[in-house]
Amino acid sequence: MTYPEESSFLQEQADATSFDQALLCEQLTLLYRDSTTYYRLGMGCALVCCTLLWDTTANMLLGLWLLTYALLTWGGINLNNRFQKYLNHKPSDTAASSASKLNRWRHLFTLGGALVGSYWGVLLVCLTPEASILLQSVVILAITGLALYASAIFSALLVSYLGFVLPAFIPFLLREFNSPEPLLSPSVILVFLSFLIYSAWRNHLLLKNSLSQNVNNRRLLKQVSHEQKITQQLNQQLEAEAKTRADAEQKLQQAQSSLEHQIQERTQALSEANQHLKTAISEQRQASIDLERNRQRYSKAIEASDLGLWEWDLETDEIYHSHFEQLFGYSEQEIPHFMGHLQPLVHKDDYPALRTALVDTLKGYLDQFKVQFRIRHKGGQWRWLEDTGRVIDRNPQSGKARKMIGTRRDVTDQIARDERLRLAWHAFESSSEAMFILNEDFVITTLNEAFYQITGYSCQELQGTPFDQSPLWQLDQELNKKIRKQLTQLGAWEGELIEQRKNGDKFPEWLKVYRVPSKQSEASHYVGIFSDLTQRRKAEEKLSYLANYDDLTGVANRNQFKDRLHIAISQARLNNGKMALILLDIDRFKAINNTLGHDVGDQLLKELANRLNNQIQNVDTIARLGADEFALIVDHYEQESDVTELAEQIYQLVHTPLKIENHELITSCSIGISLFPKHTRGLNILVNQADLARNKVKQLGGSGFEFYSEELQTGSLERLKMESDLRKALQRDELCVYYQPKVSLKKDQIFEAEALVRWNHPESGLISPGSFIPIAEETGLVAALGEQVLIKSCRQVKEWLDRGVEIKVSVNLSAQQLRHNDLVSFIDQTIREADIPHKLIELELTESSLIDDPEHTVEVLDQIRALGITLAIDDFGTGYSSLSYLQRFPLDILKIDRSFLKQINSPDPQQATLTKAIIALGHNLEMRIVAEGVETRAQLEFLIRHGCDFAQGFYISPPVPAQTFFELVEQYNSKV
């Protein structure tokens, strides 16, 4: 026997089991329906990734992976088709059997997702090169895209989604966790994976809720069908009751006839009321006709004017316009709901004020609004409109506006006129020239601010005063009468006057007065303009000074120098005399400017100019021609030795120490001298010859003087020829690279070298760098030369690597290369094209290359160092402010100049002490030390005793070709 409570419990259990089974069926149907696209998308991503990985991964493994993945994709799609057939021909199994089959389909789908995720995890961890960030990123993006797509279709069953995501990402997470340099932080991967799972879980909850609702709905439909059967039984019972109702209806008909009689009486009363209403309507229609006539008359009057009339029905959003196309260029059909579409047409700066005024009027805050705004005409131009309107009808209960009426007119021309008047008045008031206005009786009516600033008299003091009786213009009464007479006859007067300010100071002025006829009457006004010429006079004097003298030093400038030189040559020709030209510039002046600042450099030029002016005699002209370039003209000399003594005096004067802003500066100069008529009789040639002589001094290191000679001219021609040949050499690849070994003093092995360029000239043979490097620096070819050396060196390092020897090569980097914007990318690309590690390249810089634009240099060197390239400073100790640059720039290597090694065996112990101090300094700064120019065994032993890291020089080996260097390395390293 079954109790009711037990039966109810069993029924609830059966319903719950049936509900779970139906829900599972819905979830599996959704999964299998959308998974075909997922498998195809996965196959597409697999093909893309394998294509990108083909050249960097073992092709057999990658092909096997792709084939297996394709089979897995085929199996997944085939499984989907089989499930669809199962749904279409679902057998009528028992509930337990059906649940078992559905669970099997669920397990098969989860297994397929787990296999796909595992295959992607294998591809990312085992088949994608860990060193390639790009390929790693592509595979990760493919997996992430599949995971995001799967979160949408797999969320019906969360276990199936986890079966795909966890095998795909966990191997990569474990590898990144154990990697010393992970591509992505494990924490970031965990957070991303958590977000994916959380998103899938949320989708799962939402989808499960939706599917549950669907199942419940189906169950409710079944229940409704059951209830319909019960309803049919009830309908039969109702038919029986219908007869009873028929009797009741008969009684109701009797009551209805009585009600109809009452309705007839009421209808008679309504007919009489309707007659009265028709009369009222007729009267109202006549009033409307009269109103429309009045409205038409008013509209015609509006159309005859410049006003546009508008009426806006806010309930229907219909609007009536007059002059609409004239004002806007559009027809009313193009913008049927104009008031509701104002914003795209109205200027963005004017729309807020228009909207505020319109809304305030509609809400009743304002009785009437009036606003000016710009609107874009159909022709494209902006037009100024003025709208005036008010609400004429409101809802009596809510107070909401129902109808609005107003006028609109184009005020563009009026605003333009007002703006011109405003600008004219502003120009009058803000003019730097004094302006005043006289009426037809020559009485002052208006003054501007500049009048007060120049004269000291305000408008209140002079307004109403006749022109010839004012405090001004009283120094020459006769001239005042002439001015008035000429104005009356000709209408204009202009001239220069001397006037007196209110404080008594006199000043020159240029006065212009002209007549302005009135358009409204025959009366005229007179406008006067004058300016204070005091500053102009001073400016003219200043310009005259600047045209002939240097503004910084006060000596003659280039213009006056040419004039004076021309005069000196002309007098020497007339008197059959002799004259000399001396050109000098300060050595390393640019370094002083860049390190101590331009203010110190300017003060240095002033001090030197003062010295030359005050202490050099027998010089006609001292001029500054450029930044640090001076010229001295000796208009007469007796013997050449006089010019020599003068040059020595100038040199000593420049060499004398200077004290500027707590800096004691000792400068030197390069001096070039040319003589007239010994060397030439032409002005320009004389200057060129002195410049050639000065350049010769600079080539020799500066700090001296030189007379022009024919040999200099010949040398200059040779330099021009060498420059031309060098340009061709760069095009013909005539440059070659020699390598000088650097011995590790701690390991006594050679695994580093310095690349040194050589020129194999087709006619002159092998040319030393000392002959062509200075020319390359002067002509800007050193950058191209440096690029070729770097390219050849990288290729040579690759060749040595292929032969089993790893050599690190240092290449010189010039100051011109540092100024190139694409230097870092060029270096990186060159090393990558050679397929060598960045660590096998070292770049050497001189201190002079660091001085130019230090901020930019530091930025470039940081970028180079970030590539894994080491940086060295060459010729340490021979430049300017060496210690400050060691701290400021990112350097790894310090190279001791050969000049220090030459002195370590001298009787002066200070020489060796300085070398030891440099080694200790470099080590304290965590830099490696390289000594160059080692020529004796004693020098090498000294370096070993004091901890120097590397040595190079002729004692070890001179620079040699690449093949000789390779043999030298093998022979040297084999002895260890």
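Quick look at the structure, then. (Residues numbered from 1 in each chain as written. Predicted model: local features only at pLDDT ≥ 70, side-chain atom pairs only at ≥ 80, totals over all residues. Heavy atoms only, no water.)

Section: the overall build of the protein chain
For the protein chain, the count of helices and strands is 30 helices and 26 strands. Counting over 976 residues, the protein chain shows a buried share of 41%. Considering only residue pairs separated by 6 or more positions, the protein chain has 62% of its internal contacts joining residues 24 or more positions apart. Surface exposure of the protein chain reaches about 54,700 Å², of which carbon and sulfur atoms provide 52%. (Helix = DSSP H or I, 4+ residues; strand = E, 2+ residues; numbered from the N terminus. Buried < 20%, exposed > 50% of the residue type's maximum accessible area, 1.4 Å probe, protein only. Contact = heavy atoms within 4.5 Å. Areas by Shrake-Rupley, 256 points an atom, 1.4 Å probe, with all protein chains shown as cover.)

Here we look at empty space enclosed by the protein
Inspection of the entire model under this criterion finds one cavity of 30 Å³ or more. Estimates place the volume of the largest cavity at around 40 Å³. If you trace the largest cavity, you find it lined by Gly 786, Leu 790, Val 811, Asn 812, Leu 813, Gln 817, Leu 823, Phe 826, Ile 827 and Leu 843. Among the elements that make up the lining of the largest cavity, the one with the highest residue count is helix H23 (residues 823-834) (three residues). Split by residue class, the lining of the largest cavity holds seven nonpolar, three polar and no charged. (1 Å grid on protein atoms, 1.4 Å probe; cavity = no way out; pocket = protein on both sides within 12 Å on 5 of 7 lines; lining within 4 Å. Points joined across faces, edges and corners; volume = space filled by probe spheres on them. Nonpolar A, V, L, I, M, F, W, Y, C, P; charged D, E, K, R; others polar.)

Section: the packing of aromatic side chains
Aromatic ring pairs are described here by two measures, namely the spacing of the ring centres and the angle between the planes. The tally for this structure, following the rule as stated, stands at twelve aromatic pairs. Where Trp 65 meets Trp 120, the ring centres are 5.6 Å apart and the plane angle is 70°; that geometry is what we call edge-to-face. With Trp 65 in helix H2 (residues 59-88) and Trp 120 in helix H3 (residues 95-127), this residue pair connects regions lying 55 residues apart in the sequence. You can call Trp 120 buried: its relative accessible area is 0%. On the numbers, 5.7 Å between centres and 75° between planes, the contact of Tyr 69 with Trp 120 is edge-to-face. With a gap of 51 residues between them, Tyr 69 in helix H2 and Trp 120 in helix H3 connect regions that are remote in the sequence. For the pair Tyr 69 and Trp 120, a shared accessibility class is recorded, and that class is buried. By the ring-pair criterion, three or more aromatic residues cluster together here, those being Trp 65, Tyr 69 and Trp 120. Taking the ring centre of Phe 966 as reference, the NZ or CZ of Arg 803 above it sits at 3.8 Å. (Phe/Tyr/Trp six-rings, centres within 6.5 Å; stacked < 30°, edge-to-face > 60°. Lys NZ or Arg CZ within 6 Å of the ring centre and 35° of its normal.)

Focus on the pairing of strand S22 (residues 841-846)
Along any regular strand the residues' side chains alternate between the sheet's two faces. Of all six residues that make up S22, five are buried, and the element is covered over most of its length. Two strands pair when backbone bridges link them, and S22 and strand S23 (residues 870-876) are joined in this way by five bridges, in the parallel orientation. In the strand pairing of S23, Leu 845 is matched with Ile 873. (Pairing = 2+ DSSP bridges.)

Topic: the environment of Ser 524
By the secondary structure assignment, Ser 524 is in strand S10 (residues 524-532). Separated by 86 residues in the primary sequence, Ser 524 and Leu 438 place their C-alpha atoms 9.0 Å from one another. Excluding residues that lie within four positions of it along the chain, Ser 524 makes contacts with Asn 439, Glu 440, Arg 515, Val 516, Pro 517 and Ser 518.

A short note on a negative patch on the surface
Together, Glu 638, Asp 642, Glu 645 and Glu 648 give the surface a local cluster of negative charge. Looking at where Glu 648 falls in the secondary structure, it is placed in helix H17 (residues 640-655). (Patch = residues over 30% accessible without salt bridge, like charges linked within 9 Å, V, L, I, M, F, W, Y side chains within 5 Å. Salt bridge = Lys/Arg side-chain N within 4 Å of Asp/Glu carboxyl O. Lys, Arg positive; Asp, Glu negative; His and termini not counted. Charge placed at Lys NZ, Arg CZ, Asp CG, Glu CD.)

Regarding the sheet that holds strand S12 (residues 621-624)
Across the sheet, five strands lie side by side as S12-S13-S11-S16-S17; this open sheet has mixed pairing. Sheet topology places S12 and strand S17 (704-707) at the edges, where each strand pairs with a single neighbour. On average, each strand axis in the sheet is inclined to that of its neighbour by 20°, with strand direction left out of account. (Axes fitted to C-alpha atoms, helices over the stretch in contact; angles between N-to-C directions.)

Considering the pairing of S12
Burial of the side chains of S12 extends over both faces: Thr 621 and Ala 623 are buried on one face and Ile 622 and Arg 624 on the other. Linking S12 to strand S13 (residues 629-634), which pair antiparallel, is a turn of four residues.

So, the side chain of Asn 439
Relative to the assigned elements, Asn 439 resides in the loop between strand S6 (434-438) and strand S7 (444-447). Among the polar contacts listed, one links the side chain of Asn 439 to the backbone nitrogen of Asp 441, at a separation of 2.9 Å. Among the polar contacts made by the side chain of Asn 439, one reaches the main-chain amide nitrogen of Val 443 at a distance of 2.9 Å. The contacts of Asn 439, once residues within four sequence positions are left out, are Thr 445, Ser 524, His 525 and Tyr 526. (Polar contact = N/O pair within 3.5 Å; in protein donor to acceptor, adjacent residues only side chain to side chain.)

Overview of the nonpolar core
In terms of nonpolar packing, the biggest core is built from 70 residues, with Tyr 739, Ile 827, Leu 843, Ile 864, Leu 943 and Phe 965 touching the most fellow members. Apart from the residues within four sequence positions on either side, Phe 965 is in contact with Tyr 739, Gln 740, Pro 741, Ile 750, Glu 752, Ala 753, Trp 800, Ile 807 and Val 960. (Core = buried A, V, L, I, M, F, W, Y, C linked by side-chain atoms within 4.5 Å.)

Comments concerning the sheet that holds S10
Strand order across the open sheet formed by five strands is S7-S6-S10-S9-S8, with antiparallel pairing between neighbours. On the outer flanks of this sheet lie S7 and strand S8 (492-500), each paired with one strand and no other. When strand polarity is set aside, the average angle formed by the axes of neighbouring strands in this sheet is 25°. Bridge count between S6 and S7: three bridges; the pairing is antiparallel. Within S7, the position partnered with Ile 437 by the bridge is Thr 446. Sitting on the sheet, helix H9 (residues 412-430) is in contact with S6 and S7, with an inclination near 85° to S7.

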